Amino acid sequence: MTKRTAIFLTIIVGLFLCASCEKGQIEHENRFERSYEAWLAFKTASGNTYRYEVSGGTWAGSSWLTSITVRQGRVVQRDFHYTVFNDVRMPEGGWATMPVEELLTQLGLSADDFVEREGEPFHQALQWTETEFELGTHERTPASGIQTLDEVYHMARTEWLKKRADASVSFEAKNDGLISSAGFWPNGCMDDCFTGISIRSITAID
């Protein structure tokens, strides 16, 4: 065997071992891979142009939705609103249809108290839109991060679904085979412990 052949075989074996090491490192691997294949098909069919909606909430009485719009593989808009804020439900027409004074009275706060606590005026904190050149301007927010579904799947594979001895790991693909939930809960933790993502809908757009 020549020296060049030996080096080549060493490289091949090394690559094979690396690939083998990567497999089996995540929970729900088979379902994840099927969902990832469905994502690749959706990505091609939609021209990588779509909108997805992420839900979130806390045991303390608040819940919210974040809508991420992606065009040709690039995030161009992020919309956010609380569906419930401190047990006060958003009116059908949006937060702006309810007088600030009425909302603050229900919360037992003054307008200045709210700004001090949340960092911005009431209506601006509860419902907003960031366009392409404003992305990331809302920093003190529970809104979902600015990421494409390619990045969501990457996070699921490399972080959220990693096998953990100290946590329960879950994965669901209820959006026509596309990811709907991925993440983990530390063992023994009861409130607001989920690390990951919950996606309510994924829709191709024009």
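Everything here concerns the structure above.
Residues numbered from 1 in each chain as written. Predicted model: local features only at pLDDT ≥ 70, side-chain atom pairs only at ≥ 80, totals over all residues. Heavy atoms only, no water.

A.B. asks: Where do I start with the pattern of salt bridges in this structure?
C.D. replies: One side chain can pair with another of opposite charge once the charged atoms of both are near each other. Here the structure, examined in full by the defined rule, presents 7 salt bridges. The partner of E53 in a salt bridge is R200, with the nearest N and O atoms 2.7 Å apart. Pair noted here: E53 is in strand β1 (residues 50-58) and R200 is in strand β8 (residues 195-204), with a separation of 147 residues, a long-range link. Look at E53 and you get buried, because its relative accessible area is 17%. (Salt bridge = Lys/Arg side-chain N within 4 Å of Asp/Glu carboxyl O. Helix = DSSP H or I, 4+ residues; strand = E, 2+ residues; numbered from the N terminus. Buried < 20%, exposed > 50% of the residue type's maximum accessible area, 1.4 Å probe, protein only.)

A.B. asks: Looking at this structure, I do not really get the state of the cysteines. What am I missing?
C.D. replies: Among covalent bonds in proteins, the disulfide is the one between the sulfur atoms of two cysteines. Taken as a whole and judged by the stated rule, the model has 1 disulfide. In this model C189 forms its disulfide with C193; the gap between the sulfur atoms is 1.5 Å. Given an S-S torsion of about -50°, the disulfide between C189 and C193 has left-handed geometry. (Disulfide = S-S within 2.5 Å.)

A.B. asks: Would you mind going over the pairing of strand β5 (residues 127-131) with me for this structure?
C.D. replies: Two faces belong to every sheet, and in a regular strand the side chains alternate between them. Side-chain alternation along β5 places W128 and E130 on a buried face and Q127, T129 and T131 on a face that remains uncovered. Bridge count between strand β3 (residues 74-85) and β5: 5 bridges; the pairing is antiparallel. Bridge pairing in β5 links Q77 to T131. (Pairing = 2+ DSSP bridges.)

A.B. asks: Where do I start with the side chain of D79 in this structure?
C.D. replies: Here D79 shows up in strand β3. For the buried D79, which has no salt bridge, the nearest side chain bearing the opposite charge is R51, at an N-O separation of 5.5 Å. Looking at D79, its side chain comes within polar contact range of the side chain of T129, at 2.5 Å. Apart from residues no more than four positions distant in its own chain, D79 is found in contact with L65, T66, S67, W128 and T129. (Lys, Arg positive; Asp, Glu negative; His and termini not counted. Polar contact = N/O pair within 3.5 Å; in protein donor to acceptor, adjacent residues only side chain to side chain. Contact = heavy atoms within 4.5 Å.)

A.B. asks: I tried to follow the packing of aromatic side chains on my own but got confused; where do I start?
C.D. replies: Pairs of aromatic rings are described using the distance from one ring centre to the other and the angle between the two planes. Tallied over the full model, the rule gives 14 aromatic pairs. Ring geometry for W185 and F194: centres 4.7 Å apart, planes at 45°, overall tilted. When its relative accessible area of 27% is taken as the criterion, F194 is described as partly exposed. A connected cluster of aromatic rings, assembled from ring pairs, spans F32, Y36, W39, F42, Y50, Y52, Y153 and F171. Across the ring face of Y36, the terminal group of R157 is positioned such that the distance to the ring centre comes to 5.1 Å. Seen from the ring of F184, R164 lies directly overhead, with NZ or CZ sitting 3.8 Å from the centre. (Phe/Tyr/Trp six-rings, centres within 6.5 Å; stacked < 30°, edge-to-face > 60°. Lys NZ or Arg CZ within 6 Å of the ring centre and 35° of its normal.)

A.B. asks: What should I look at first to understand the nonpolar core in this one?
C.D. replies: Soluble, globular proteins show a tendency: their nonpolar side chains are buried together. Y52, L149, V152, L161, I179 and I199 are the most contacted members of the largest nonpolar core, which has 26 residues in total. Of all the secondary structure elements, the ones that give two or more residues to this core are α2 (29-45), β1, β2 (62-71), α6 (149-160), β6 (167-172), β7 (181-186) and β8. Top contributing element to this core by residue count: α6, with 5 residues. W64, F85, V88 and A125 belong to the second-largest nonpolar core, a separate cluster that totals 16 residues. (Core = buried A, V, L, I, M, F, W, Y, C linked by side-chain atoms within 4.5 Å.)

A.B. asks: Got a minute to help me understand the environment of V75 in this structure?
C.D. replies: Positionally, V75 belongs in strand β3. Under the relative-accessibility criterion, V75 is labelled buried at 9%. Between the C-alpha atoms of V75 and E132, which are 57 residues apart in sequence, the distance is 7.3 Å. Those residues in contact with V75, other than ones at most four positions away along the chain, are I68, T69, V70, L135, I146, Q147 and T148.

A.B. asks: What exactly am I supposed to notice about the pairing of β2 here?
C.D. replies: Counting buried residues along β2, 8 of its 10 residues qualify, which places the element largely inside the surrounding structure. Note that β1 and β2 share 9 bridges and pair antiparallel. If you follow T58 over to β2, its bridge partner there is S62. Pairing analysis gives 9 bridges linking β2 to β3, with the strands arranged antiparallel. From the neighbouring strand, R71 faces β3, where its bridge partner is R74. Hairpin connection from β2 to β3: 2 residues lie between these consecutive antiparallel strands, with Q72 at a positive phi of about 50°.

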